[in-house]
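Descriptive analysis of the structure
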Amino acid sequence: MARPRRERPERQHLPGIADIRISADEATTRAVLDVLEREFRCTDARTYDGGRAYLQLDVGCTDADPD
């Protein structure tokens with residue numbers, strides 16, 4: 001029998017910050033990270049079993065300009 005899904009707090013997102021999840025083998029993950037790291041400021045990827053890696057990518061402030 002499946003257990004009930006746990007309640008999770010709503011995620012907060014900051015303007016210009018992307019939460020990225022990569023599900024791939026190690027070589028593919030490294031290739032994707034290499035490209036992202038050349039173009040953007042990124043946190044170090046946190047890797048987990050099953051070929052998943054999580055990181056945050058900073059594209060700079062995307063807030064609308066004040067009037």
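For the structure, check the block above.
This report concerns the structure included in the present document. All figures in this text were calculated on a predicted structure; none of them were measured in a lab.

1. Re the overall build of the chain
Helix and strand counts for the chain come out as one helix and four strands. Going from the N terminus to the C terminus, the chain shows its helices and strands as β-α-β-β-β. In terms of overall size, the chain is more extended than a compact globule, its C-alpha atoms giving a radius of gyration of 16 Å where 67 residues would be expected to give roughly 11 Å. Principal-axis analysis of the C-alpha atoms gives the chain an extent of 55 × 35 × 15 Å. Within the span of the chain, comprising 67 residues, buried residues form 12% of the whole. Within the chain, counting contacts between residues at least 6 apart in sequence, those at least 24 apart form 51% of the total. Carbon together with sulfur atoms contributes 49% to the accessible area of the chain, which is approximately 6200 Å² in total. Measuring between centres, the 11 positive side-chain charges of the chain sit 10 Å from its 14 negative side-chain charges.

Conventions adopted
- Residues numbered from 1 in each chain as written.
- Predicted model: local features only at pLDDT ≥ 70, side-chain atom pairs only at ≥ 80, totals over all residues.
- Heavy atoms only, no water.
- Helix = DSSP H or I, 4+ residues; strand = E, 2+ residues; numbered from the N terminus.
- Rg over C-alpha atoms; globule rule 2.2 N^0.38 Å.
- Buried < 20%, exposed > 50% of the residue type's maximum accessible area, 1.4 Å probe, protein only.
- Contact = heavy atoms within 4.5 Å.
- Areas by Shrake-Rupley, 256 points an atom, 1.4 Å probe, with all protein chains shown as cover.
- Lys, Arg positive; Asp, Glu negative; His and termini not counted.
- Charge placed at Lys NZ, Arg CZ, Asp CG, Glu CD.

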